[in-house]
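# Chains, contacts and geometry: an overview
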Amino acid sequence: MAVSDIIFTKGLRREYASTAAVDGIDLAIEEGSVAALVGPNGAGKTTLLKMIAALLEPTSGLAMVAGHEVSENARAVHAAVGYLPDFFGLYEELTARQCLRYFHLAYRLPEPVDRRIEEVLELVALRDAADRPIESLSRGMRQRLGLARTLLHDPRLLLLDEPASGLDPGARRELQDLLRRLASMGKTIVVSSHILTELEDYCSHVVMLDRGRLVFSGTVAEARRRAGGGRRLRLRVAGAAGPVPALLAADPAVSEVAAAPGGWAFRFSGDEESAARLLRSLVEGGVRASSFADDSGSIADGYLKLMPKEGA
Ligand SMILES: Nc1ncnc2c1ncn2[C@@H]1O[C@H](COP(=O)(O)OP(=O)(O)O)[C@@H](O)[C@H]1O
Ligand SMILES: [Mg+2]
């Protein structure tokens, strides 16, 4: 375990009625990372996050969080961690500000209450709505209020369980901006989702779970490479399709050709020189290429590749 690891687990396991929801996980997350915890429903994400938050006892194995073993020193872990559950209730008749005041008191946090509440309201961009009853807030605002609540005690580590689920695209974007802001403040963030594409833009790390096991843990770049077999390129063309598919098919480094907006996307296993050669052959073949670039694209395909197939 490195000193810089804010999360370190070894053989971490949790059983429910003799089946393992989390089945022996070795994981290390460095302080300051923003890690995406991804996996299909039932993979064990919630169970893992709850154990790391010291809210659920492991059946066996070790979990060190912010330097404390979760079973031995749950209280110290709670002080270091802000945990946003996948479902949480709010007192609907209270205003956002009253709600935060309630939790500030319930957590017995140090004074001054009012200043801290203003700070977190500012942080989650809810100041304008602070005196509205919660029942009148949008889903995105409620989610940000939930996050404000987990930030009250200024935790170093945020564990957010599917915070974007059920949000519309605008609210998702606001949540992403907020998580970026928190990351730039130095917080370590672990954010789970069963949809990878909504995380990969702003995460530095990817942790993939499947049926209680760790399938992959590494940087986003490593995940892309592992998903590998070359990179994805995108060719945009002006005008008609013409000979493009035939020219692409003729290049041995090209595979998985698919129509994409404005042209084609494909996997390319050659180097820069052979990419230049391909482009030349396209232009000489009469293709009016308007752009030819990395399909900045998605590790979602990588994700699908790294996951074991059903029944495997
Ligand atoms: N309280 C519980 N009692 C029994 N089984 C549970 C309980 N919580 C979770 N499980 C089971 O553990 C597995 C992992 O669940 P969970 O951690 O919620 O996965 P995820 O969050 O990735 O969807 C699932 O098979 C689920 O049915
Ligand atoms: Mg879950």
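Scope of this entry: the structure provided in the associated data block. In this text, all values refer to a predicted model and were calculated from it rather than measured experimentally.

### Looking at the nonpolar core
Counting 45 residues, the largest nonpolar core has L100, L145, L147, L160, L179, L182 and I189 as the members making the most contacts within it. For L160, the residues in contact, after removing those within four places along its chain, are L49, L84, L147, L179, I189, V190, V191 and S192. By size, the runner-up hydrophobic cluster in this structure holds 30 residues, among which are I25, A35, A66 and V81.

### Side note on the packing of aromatic side chains
For the coordinates displayed, the defined rule picks out four aromatic pairs. Ring plane angle 90 degrees and centroid distance 5.1 Å describe the contact between Y102 and F103, whose orientation is recorded as edge-to-face. One cation-aromatic arrangement involves R149 over F103; the distance from NZ or CZ to the ring centre is 4.0 Å.

### A look at the environment of R139
Relative to the assigned elements, R139 resides in helix α5 (residues 139–151). Those residues in contact with R139, other than ones at most four positions away along the chain, are S165, G166 and L167. A polar contact is formed between the side chain of R139 and the backbone oxygen of G166, at a distance of 3.3 Å.

### Some thoughts on the pattern of salt bridges
Enumeration over the complete set of coordinates arrives at 17 salt bridges. Notably, a salt bridge pairs R13 with D23, separated by 2.4 Å at the nearest N-O pair. Remark: D23 occurs in strand β2 (residues 19–30) and R13 occurs in strand β1 (residues 5–16); sequence separation between them is 10 residues. Overlapping salt bridges bring together R97, E118, E122, R127 and D131 as one network.

### Here we look at the pairing of strand β4 (residues 60–65)
The pairing of β1 with β4 spans five bridges and is classified as antiparallel. Of the residues in β4, the one forming a bridge with I7 is V65. In the sheet, β4 pairs with strand β5 (residues 68–69) via two bridges, with the strands oriented antiparallel. Paired with V65 across the bridge in β5 is H68. Counted between consecutive antiparallel strands, the loop separating β4 from β5 contains two residues, among which A66 sits at a positive phi close to 50 degrees.

What counts and how
Numbers given for residues are sequential positions, taken from 1 along each chain in its written order. Just so you know, chain letters begin at A and ligand numbers begin at 1, following the order they were written in. Selection of residues for local features in this predicted model requires a pLDDT of at least 70, selection of side-chain atom pairs for listing and counting requires 80 or more, and totals for whole chains, interfaces and linings are taken over all residues. Where side-chain values are given, they derive from all heavy atoms of the structure, hydrogens and water being excluded. Here, the term nonpolar core denotes a set of buried Ala, Val, Leu, Ile, Met, Phe, Trp, Tyr and Cys residues that are joined through side-chain atoms within 4.5 Å. Remark: exposure states derive from per-residue accessible area (1.4 Å probe, protein chains only) relative to the maximum for the residue type, with buried under 20%, exposed over 50%, and partly exposed in between. Note on contacts: a residue pair qualifies if any of its non-hydrogen atoms lie within 4.5 Å across the two residues. Any two rings among Phe, Tyr and Trp, with Trp reduced to its six-membered ring, count as a pair given centres within 6.5 Å; such a pair is stacked if its planes are under 30 degrees apart, edge-to-face if over 60, and tilted if neither. Geometrically, a charge over a ring is one whose NZ (Lys) or CZ (Arg) sits within 6 Å of the ring centre while staying within 35 degrees of the ring normal. Runs of H or I in DSSP of at least four residues are treated as helices and runs of E of at least two as strands, each being numbered from the N terminus. Polar contacts here mean pairs of N or O atoms no more than 3.5 Å apart (in protein, one a potential hydrogen donor and the other a potential acceptor; neighbouring residues in sequence count only if both atoms are side-chain atoms). Just to be clear on terms, a salt bridge is a Lys or Arg side-chain nitrogen sitting within 4 Å of an Asp or Glu carboxyl oxygen. Should DSSP find at least two bridges between two strands, the strands are taken to pair.

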